[in-house]
Amino acid sequence: ISVMCAGRTEPPGWDYARWQALARDERLPAMFVDLEIFEENVTKMAAVARAGGKSIRLATKSVRVPALIRAVLAQHPDVFVGLMCFSTAEALLLAAETPARDYLIAYPCLQPADVRDAYTLQTALGARVCLMVDCPEHVALLGRLWRAAGGSAAVPLRLCIDYDVSYKVAGLHLGAHRSPCRTPVALAAVLDAIAACPDVRLGGIMAYEAHVAGLTDTTPGATLGQRLHDAFVRRFKRAAMRSVRAQRLAVRELLSARGMAPDFFNGGGSGNMADCAGDPALTEVSMGSGLLQSTIFDCYQDNFCRPALAYALRITRACDAKTRCCQSGGFAASGACDASKAPRAFLPAGLAPYPDEGFGEVQTPLNIARCRTPLALGDPVFVRPAKAGEIAERFVEYLLVRGAAVTRAPTYRGLGHAFY
């Protein structure tokens, strides 16, 4: 289920004259973050989690700027208590760049170097690290690699089981194709494998509902047909969440029957933060993209954050009276190829890409026929990315703005790292 989300043209707080002045002397493309909006979003997310009695595990791949990660951890340390990373190498970097010492690696990592990183994190840096598994074979392999890295029963490796809660009906699989551990029998087999391996122990459970958290359900400025579609999607999401909660409860009951109490039970994302904060089976929720509010998150009925992130492009050509051409700009998001993955030119209002060209690697022509702001050669235009994290792979630094002050913060790329 995928629709193009048009979104707002000028998010509140983004005044063209102000941002034009900030970008005037910068080398473009450049990425800007409004720190006041960012901190407002952090506080809103923390309040939702706190009301539900949950902690938040920050999904760092959705940020990829250590300075911003540090800012989140410092702003509400009682709620943001751990990090979710996409690799042990990322966690190792963040152990050097942030005060965080609790790391969940969200995807299985089975290379010897990955496990050596985990051993360094745990033994040399004093961090709590938990690696992801979803089958007995994962457990056996990680046990061997942990021993080879220097681990033992006295210094066990913590493991998190990825339990699949995707929606299945009439032979259809609705959700991400992730873990094969999707029944109580399969879960019991993984638990038995952990119990049989003296060098590992159960650290946590993750039951992430990608088919809900990642599914947009609102189209700003929608036609009647889009409104009907969105209503159907919201109805599906309600049904899917009933199934998710039932499956999580069944996992809790199975663990309780075995006398097992994992350190954490994780689920959720920015797209359904409030719903998961109220799930009694969970102890924590994960989120990250909502803090920066990329365009996809404009398209959730329950969204309560504001856009804090945009990149600027420089106008280098006046092709004709209704066209201005910008240098660079083609930063599309990953996932199934559709219009929702494209960037969105939003400032000044009234800009639109040409459908037959879109956003290009070296230049992006924009139709300015509906733009009321005069645009000359050298002026900047501002563009929002569809996804919040991966756009950081295009920039070595972010420009963090508070009022008229600008500070520079390196991304992972700027620090010399490219994990995936």
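Residues numbered from 1 in each chain as written. Predicted model: local features only at pLDDT ≥ 70, side-chain atom pairs only at ≥ 80, totals over all residues. Heavy atoms only, no water.

Draft legend 1. Seen up close, the packing of aromatic side chains. Per the counting criterion, the structure on display carries 13 aromatic pairs. With a centroid separation of 6.1 Å and 45° between ring planes, the pair formed by Tyr-311 and Phe-395 is classed as tilted. Placement of the pair is Tyr-311 in strand E12 (residues 309–320) and Phe-395 in the loop between strand E17 (380–384) and strand E18 (397–402), with a sequence separation of 84 residues. Residue Tyr-311 is classed as buried on the basis of its relative accessible area, which comes to 0%. On the accessibility criterion, Phe-395 (6% relative accessible area) is buried. When the ring of Phe-395 is compared with that of Tyr-398, the centres are 6.5 Å apart and the planes differ by 75°; the resulting orientation is edge-to-face. (Phe/Tyr/Trp six-rings, centres within 6.5 Å; stacked < 30°, edge-to-face > 60°. Helix = DSSP H or I, 4+ residues; strand = E, 2+ residues; numbered from the N terminus. Buried < 20%, exposed > 50% of the residue type's maximum accessible area, 1.4 Å probe, protein only.)

Draft legend 2. Main features of the sheet that holds strand E6 (residues 157–162). With parallel pairing, 8 strands are arranged side by side around a closed barrel as E2-E3-E4-E5-E6-E9-E10-E11. Neighbour to neighbour, the strand axes of the sheet diverge by 30° on average, direction disregarded. As paired strands, strand E5 (residues 128–133) and E6 are joined by 4 bridges and run parallel to one another. Bridge pairing in E6 places Val-133 opposite Ile-161. The sheet contacts of helix H4 (residues 88–97) involve strand E3 (80–85), strand E4 (102–105) and E5, and relative to E4 the element is tilted by about 165°. (Pairing = 2+ DSSP bridges. Axes fitted to C-alpha atoms, helices over the stretch in contact; angles between N-to-C directions. Contact = heavy atoms within 4.5 Å.)

Draft legend 3. The arrangement of the nonpolar core in detail. In terms of nonpolar packing, the biggest core is built from 118 residues, with Phe-32, Leu-68, Phe-80, Tyr-103, Leu-131, Ile-161 and Tyr-398 touching the most fellow members. Discounting residues that sit within four places of it in the chain, Leu-68 has contacts with Val-33, Leu-35, Phe-38, Val-63, Leu-292, Tyr-398 and Leu-400. Grouped together as the second largest cluster of nonpolar side chains are 8 residues, Cys-130, Met-132, Met-206 and Phe-264 included. (Core = buried A, V, L, I, M, F, W, Y, C linked by side-chain atoms within 4.5 Å.)

Draft legend 4. Looking closely at H4. Regarding H4, the residues found buried are Thr-88, Glu-90, Ala-91, Leu-93, Leu-94 and Ala-95. Where H4 is buried, its residues touch helix H3 (66–75), E3, E4, helix H5 (112–124) and E5.

Draft legend 5. View of the environment of Leu-110. Within the fold, Leu-110 resides in the loop between E4 and H5. Among all residues touching Leu-110, those that are not within four sequence positions of it are His-138, Leu-141, Leu-142 and Leu-145.

Draft legend 6. Highlighting the environment of Ser-270. Here Ser-270 is to be found in the loop between strand E10 (264–267) and helix H10 (273–277). For Ser-270, a relative accessible area of 16% gives the class buried. Separated by 231 residues in sequence, Ser-270 and Glu-39 place their C-alpha atoms 15 Å apart. If near-sequence neighbours (up to four positions away) are discounted, Ser-270 is found in contact with Met-45, Ser-286, Met-287, Gly-288, Ser-289, Gly-290 and Phe-297. A polar contact of 3.3 Å, which involves the side chain of Ser-270, links it to the backbone nitrogen of Gly-288. (Polar contact = N/O pair within 3.5 Å; in protein donor to acceptor, adjacent residues only side chain to side chain.)

Draft legend 7. Inspection of empty space enclosed by the protein at higher detail. By the definition in use, this model includes 2 cavities of 30 Å³ or more. Lining the largest cavity are 15 residues; nearest its centre among them are Ser-270, Gly-271, Asp-302, Asn-303 and Phe-304. Sorting elements by how many residues they give to the lining of the largest cavity places H10 first, with 3 residues. Each residue belonging to the lining of the largest cavity can be placed in one class, and the counts come to 7 nonpolar, 6 polar and 2 charged. Considering the residues around the second largest cavity, the lining is formed by Asp-162, Tyr-163, Asp-164, Val-165, Ser-166, Ala-176, Arg-178, Ser-179, Tyr-208, Ala-210 and His-211. When grouped by side-chain class, the residues that make up the lining of the second largest cavity number 5 nonpolar, 3 polar and 3 charged. (1 Å grid on protein atoms, 1.4 Å probe; cavity = no way out; pocket = protein on both sides within 12 Å on 5 of 7 lines; lining within 4 Å. Points joined across faces, edges and corners; volume = space filled by probe spheres on them. Nonpolar A, V, L, I, M, F, W, Y, C, P; charged D, E, K, R; others polar.)

Draft legend 8. Just the side chain of Ser-294, in detail. You can see Ser-294 is positioned in the loop between helix H11 (289–292) and E12. Looking at Ser-294, the relative accessible area reads 1%, which means it is buried. One polar contact links the side chain of Ser-294 to the main-chain amide nitrogen of Ala-388, over a distance of 3.4 Å.

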